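As a plain string of letters, each chain reads:
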Amino acid sequence: AMASISGAAAAAPSSSGASCGLRLRRDHLPRSSHFRLARPSSITDVSRSCSSSSSSPPRSLSSKQSGHADVLAHGAVDKDPIRLWNRYVEWLYQHKQLGLFVDVSRIGFTEEFLRRMEAPMGRAFAAMRELEKGAIANPDEGRMVGHYWLRNPALAPNSFLRDKIETTLERILAFASDVISAKIRPPSSPAGRFTQILSIGIGGSSLGPQFVAEALAPDNPPLMIRFIDNTDPAGIDHQIAQLGPELASTLVIVISKSGGTPETRNGLLEVQKAFRDAGLEFSKQGVAITQENSLLDNTARIEGWLARFPMFDWVGGRTSEMSAVGLLPAALQGIDIKEMLVGAAQMDEETRNTEIKENPAALLALCWYWASDGIGSKDSLLLLSRYLQQLVMESLGKEFDLDGNRVNQGLTVYGNKGSTDQHAYIQQLREGVHNFFVTFIEVLRDRPPGHEWELEPSVTCGDYLFGMLHGTRSALYANDRESITVTVQEVNPRAVGALVALYERAVGLYAYLININAYHQPGVEAGKKAAGEVLALQKRILLVLNEASCKDPAEPLTLDQIADRCHCPEEIEMIYKIIQHMAANDRALIAEGNCGSPRSIKVYLGECNVDDDMNS
Ligand SMILES: O=P(O)(O)OC[C@H]1O[C@H](O)[C@H](O)[C@@H](O)[C@@H]1O
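Residues numbered from 1 in each chain as written. Predicted model: local features only at pLDDT ≥ 70, side-chain atom pairs only at ≥ 80, totals over all residues. Heavy atoms only, no water.

Novice: What is the right way to read the overall build of the protein from this model?
Specialist: The secondary structure content of the protein amounts to 19 helices and 19 strands. Each of the 616 residues in the protein was classed as buried or not, and the buried ones make up 53%. Partitioning the contacts of the protein with sequence separation of at least 6, the portion at a separation of at least 24 is 78%. Carbon and sulfur atoms make up 51% of the accessible area of the protein, which amounts to about 25,600 Å² in all. (Helix = DSSP H or I, 4+ residues; strand = E, 2+ residues; numbered from the N terminus. Buried < 20%, exposed > 50% of the residue type's maximum accessible area, 1.4 Å probe, protein only. Contact = heavy atoms within 4.5 Å. Areas by Shrake-Rupley, 256 points an atom, 1.4 Å probe, with all protein chains shown as cover.)

Now the structure itself:
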């Protein structure tokens, strides 16, 4: 199998037999540094199955931004095949134990660039060493950053943390084994065992498990997993409907580091209702993964759920794949989680190397720096791009640097898999806006041994995928589009662990190069806060409408009147949107007039609510 990533400045990984793409985009040149950026965006493309390769489209530059044209057009790349081959051989990185290769030869960095980067890279290595020793590497949240300890507990800064990591891992293994062997079983399952997992979580509490399930779960896992990672009622209903009577055999894993994320809470409440409706006892089938004493943890404890596993303050959501968040669901699907940890630990070891050429994460970080954007994709690695999207964009997309300067940093990541991208957006990558770089994730073994067959003389389905990846790589390069290629032998737990560790480290090093905090996400809060305000406004609207509807006769209100009585005339557009949404969902609210002419609308409630429970 193979995978590919395409883009201009950054890169992303993917795993076995399919292709997947990611794209990294930098919308602003790093003002904090004196290094010139080649291109402001990137794509990752990973491919593994016979169906494809992928990447995503680069950011288009406005005419104003095209002032960067001089930067973007930093020259045609070297196309002399023999010089390129020499460059390939000179820069090819190989991790012997892991069978993993990184090829940066198609990124056109120069010797001079590397010399200039030596000192900043040295500082990044030093900062990373401090981080691993337990420094407060996430300064404004005052937290340590300890995901590297998860795969090597001996590195944890004290024995208390070490014990916690080790005990949690033992508990995960024991619990998974007991569930699989039906020692732990649901009370009223016809199958007499758990056969399904329903995972409820969002962001870092879902993307890693989704990626790993897609990449590594066997075709017939001991427990099948499905995900609720949104607050979309139709999506939730769909998952529950698909489970049908198997709800009685479903282990529900609720994952939230904070334990208070509204989407996750909503998913839990919806699923608990489905359990009640089916006459099932949720607590006998529920598991929580969250920080100790969070709202979720307390709920699970008070309700006596089947099990609780900890998340640690010092592990960020987007780097939690090797914590209970990623390991418990994986173990329950029969995935060898110890192998994942070994792969990650081996990659960690290698990415501590201060010799840049021997450090694949440093190579990636430098390429991102040079090109400043990237993407990748594949089939079993399909979800790698989405996983990396959060890892890269939530870590690197920052308004301010560590010194408080406004820098508006970031790399945009998108991607898909294999030839899928070939048939979608490669056209633009090769010929359109030139502000990206691509990362191909190549998987050498495209089918398990004994299953190969030639669908035409001398050619397998996997050969096609291979041809598509390398054809795309060449065709892009011929048009000056740079790429990185990460190659793994096959998609197995060790390789997936290694890829996760590789990209975690590359993000960490790159963040130091551009002097930003990769471990906080202040920008995420703004949207959450605004969402809360929308819900509060909806409650106020309902109170105002109720008051008017209780008059005799009921008094229909225009949007202006509602806004006025809510004391927020500036929110009139949001009031219109809220009423439109409630009317579309038959919420006891009657809107007369034409939605296309909002000023004509008059609204009242179907009935006056005198018992005042709307106030509660
Ligand atoms: O795990 P939780 O606390 O529920 O958080 C889930 C997600 O919430 C926010 O969106 C954060 O920005 C993410 O980093 C996090 O992964």
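We are not done yet, so read on.
Novice: For this particular structure, what's the right way to read the packing of helix H4 (residues 159-180) against helix H9 (residues 324-332)?
Specialist: To describe two helices that pack against each other, one gives the angle between their axes and the distance between the axes. Direction vectors running N to C along H4 and H9 enclose 25°, while the axes themselves pass 9 Å from each other. Regarding the angle of H4 to H9, the classification is roughly parallel. The hand of the H4/H9 crossing is right-handed. Of the residues in H9, those touching H4 at Thr168, Leu169, Ile172, Phe175, Ala176, Val179 and Ile180 are Ala324, Leu327, Leu328, Ala331 and Leu332. The residue makeup of the contact of H4 with H9, split by class, is 11 nonpolar, one polar and no charged. (Axes fitted to C-alpha atoms, helices over the stretch in contact; angles between N-to-C directions. Parallel < 35°, antiparallel > 145°, perpendicular 65-115°, else oblique. Left-handed = near helix turned anticlockwise from the far one by under 90°. Nonpolar A, V, L, I, M, F, W, Y, C, P; charged D, E, K, R; others polar.)

Novice: Looking at this structure, I do not really get the sheet that holds strand S9 (residues 250-255). What am I missing?
Specialist: Hydrogen bonds between backbone atoms are what pair the strands of a sheet, whose relative direction is either parallel or antiparallel. On the basis of which strands lie adjacent, the open sheet formed by five strands has the order S8-S7-S9-S10-S11 and parallel pairing. Of all the strands in the sheet, the pair left with one neighbour each is strand S8 (224-228) and strand S11 (307-311). Between one strand and the next, the sheet's axes are offset by a mean angle of 20°, whatever the strand orientation. Sheet analysis places S9 next to strand S10 (residues 286-291), joined by four bridges and oriented parallel. Note on S10: the bridge partner recorded for valine 252 is glycine 286. The strands touched by helix H8 (residues 295-303) within the sheet are S9, S10 and S11, with S10 carrying the most contacts at an inclination of about 145°. (Pairing = 2+ DSSP bridges.)

Novice: Would you take a moment to explain the side chain of serine 294 for this structure?
Specialist: For serine 294, the position within the fold is in the loop between S10 and H8. Residues within four places of serine 294 in sequence aside, it is in contact with Ser258 and Gly259.

Novice: Would you take a moment to explain helix H19 (residues 572-584) for this structure?
Specialist: Residues that lie three or four places apart on an α-helix share one face, since the helix turns once every 3.6 residues. Compared with the 18 Å implied by 1.5 Å per residue over 13 residues, the 18 Å span of H19 between its first and last C-alpha is a close match. Every buried residue belonging to H19 is among Ile575, Tyr576, Ile578, Ile579 and Met582, and all of these are buried. For H19, the buried positions fall inside an angular range of 165° around the axis, keeping them on one side. Residues of H19 that are exposed and point over 90 degrees away from its buried face: Glu573 and Ala584. The inward-facing, buried residues of H19 contact helix H17 (522-549), helix H18 (559-565), strand S18 (589-592) and strand S19 (602-605). Among the residues trailing H19, aspartate 586 stands out with phi positive, at a value near 50°. (Expected span 1.5 Å × (residues − 1). Arc of directions from axis to C-beta.)

Novice: Whenever I open this one, the sheet that holds strand S17 (residues 557-558) confuses me. Can you help?
Specialist: In spatial order, the strands read S17-S19-S18; together these three strands make up an open sheet with antiparallel pairing. Here the strands that pair on one side only, and so sit at the sheet edges, are S17 and S18. Most of the contacts of H17 go to S19, to which it runs at about 80°, and overall it touches S17, S18 and S19.

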